[in-house]
Amino acid sequence: MSPLTVRAVRAYLPDAGGGADYHDQPAGHWIDDHIASPMAKYAEYRASRQSFGLHLLGTVVVEVEASDGTVGFAPTTGGEPAAWIVENHLAKLVEGAPVTELERIWDRMFLSTLHYGRKGLALNAISGVDLALWDLAGKLRGEPVHALLGGAVRDELVFYATGPRPDVARDLGFIGGKVPLRHGPAEGEAGIARTVAALAQLRDAVGPEFWLMLDCWMSLDVRHAARLAHALDAVGLRWLEEPLLPDDYWGHAALRKRLPAGMLLSSGEHEATRYGFRLLLELGAVDILQPDVGWCGGLTELLKISALADAHGALVVPHGSSVYSYHFVATRHNSPFAEFLMMHPDGTEVVPMFRPLLLDEPVPRGGRLAVSELDRPGFGVRLDPSCELRRPYRRPSP
Ligand SMILES: C[C@H](O)[C@H](O)CC(=O)C(=O)O
Ligand SMILES: [Mg+2]
């Protein structure tokens, strides 16, 4: 019997915001409320990350159709430019390939985009195709993706919550709460004082045991980050996240040595491929890697990043990505917990992270999710038909 092949690759754009591009939210959402960023040194871009375009890409949905008509899909961030890359470049390399050849397909996509790729948008597009192919593989075999990865190593996932209300997260059963840093170096000593006061208040609210983390979203330099970390020592931060520009691997390594005892350094949300993560690991720059499976190269690449991390004694706690991360986290010993991004506008309720795009998207209850809830073919989610999709770079059917 001849093997099934990929008959068609398609890229769609949803008509609504949100979805994989969780920064694409209406005004008033906590995710755009004075959060520190590298652009905050320009006063006019300090109050809102949407003001400099963080939400402009939007979501892209990649579909792959097998020669028997079975369809796999995955959303990621990248919107129209990613749709162009998928339809006009990657599709040429994927259509006609056996559906089981995930490694060979990945290698072709990566090598053929090196002249403009390596990280960022091209890797988002590659990740979208890769995740759609894993979804397809699971559907064709009638198995969840976690089973294709070798099977779960735990019966349930435990989560920390990212959002403005760790006190609410604690009451909802999460193991910790990660808040965004709001005041970067441009706000000087007064900014540090405000951050310390805010975190001290949160510590009082959540008690001494609950994990508290601070996400700096690339906004600091080594000196400021070290100063802030020591100013926060009494608060007892579990980790300081992504304090520096992603390309400053050496700065991460220097900073890690200067952190207060017991405070971990996490990073890698905006890093891609095993090559980028290798630098972070070999320089001893981080304790926790946070690749986003929709940005780092997809699941095929995340498995390699994870193996490298394991050999270096580092944890892998993927950034966001909902169910696309959960299937992975369930299967790795060095991923002991997962992130849940609180996408409710004021971060006080658990809502599906990719809303309004998906149906059947599992969410943690009591801060936990039974792996059995992931036991549907592929990633186990469906596109919500009420969310309209358009295909801007439609090609004739192959
Ligand atoms: C809240 C952070 O600034 C960002 O929007 C999300 C993130 O980096 C994370 O979940 O981690
Ligand atoms: Mg982060």
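Residues numbered from 1 in each chain as written. Chains lettered and ligands numbered in written order. Predicted model: local features only at pLDDT ≥ 70, side-chain atom pairs only at ≥ 80, totals over all residues. Heavy atoms only, no water.

The name an unreviewed UniProt entry assigns to the chain is L-rhamnonate dehydratase, from the organism Jiangella alkaliphila. The UniProt entry for the chain carries the following text under Catalytic activity (unreviewed entry): "L-rhamnonate = 2-dehydro-3-deoxy-L-rhamnonate + H2O". (UniProt positions renumbered as here; feature names shortened; annotations may be inferred.)

This part takes up empty space enclosed by the protein. Applying the stated rule across the entire model yields three cavities of 30 Å³ or more. Surrounding the largest cavity, 15 residues form its lining, Ile31, Arg49, Thr162, Asp215 and Trp217 being those nearest its centre. Only β5 (176–180) and β11 (338–341) provide two or more residues apiece to the lining of the largest cavity. Residue composition of the lining of the largest cavity, by class: seven nonpolar, three polar and five charged. Counted as a void, the second largest cavity has a volume near 80 Å³. The wall of the second largest cavity is formed by 13 residues, among which Ala20, Asp292, Trp295, Ser321 and Phe354 lie closest to the centre. Broken down by element, the residue count for the lining of the second largest cavity peaks at three residues, all from strand β3 (residues 71–77). Residue classes in the lining of the second largest cavity are distributed as eight nonpolar, four polar and one charged. (1 Å grid on protein atoms, 1.4 Å probe; cavity = no way out; pocket = protein on both sides within 12 Å on 5 of 7 lines; lining within 4 Å. Points joined across faces, edges and corners; volume = space filled by probe spheres on them. Helix = DSSP H or I, 4+ residues; strand = E, 2+ residues; numbered from the N terminus. Nonpolar A, V, L, I, M, F, W, Y, C, P; charged D, E, K, R; others polar.)

Moving on, we come to the domain arrangement of the chain. By domain assignment, the chain separates into domain 1 (6–21 + 57–142 + 385–390) and domain 2 (148–376). In this assembly, 31 residues from domain 1 lie in contact with 28 residues from domain 2. Of the roughly 2,100 Å² buried at the junction of domain 1 and domain 2 (both faces included), carbon and sulfur atoms supply 66%. Viewed at the interface, domain 2 and domain 1 are joined by two salt bridges. Notably, a salt bridge pairs Glu103 with Lys304, separated by 2.9 Å at the nearest N-O pair. Connecting domain 1 to domain 2 are 13 residue pairs in polar contact (both at pLDDT 80 or more). Taken together, the elements giving at least two residues each to the side of domain 1 that touches domain 2 come down to β2 (59–66), β3, α2 (102–112) and α3 (121–141). Sort the elements by how many residues they give to the side of domain 1 that touches domain 2 and α3 lands first, with ten residues. Classifying every residue of the side of domain 1 that touches domain 2 gives 17 nonpolar, nine polar and five charged. (Domains from an automatic or database assignment. Contact = heavy atoms within 4.5 Å. Buried area = accessible area lost by both parts, 1.4 Å probe. Salt bridge = Lys/Arg side-chain N within 4 Å of Asp/Glu carboxyl O. Polar contact = N/O pair within 3.5 Å; in protein donor to acceptor, adjacent residues only side chain to side chain.)

In terms of residue burial, helix α11 (residues 322–329) counts as a mostly covered element, since eight of its eight residues are buried. When α11 is considered as a whole, its buried residues turn out to be Ser322, Val323, Tyr324, Ser325, Tyr326, His327, Phe328 and Val329. (Buried < 20%, exposed > 50% of the residue type's maximum accessible area, 1.4 Å probe, protein only.)

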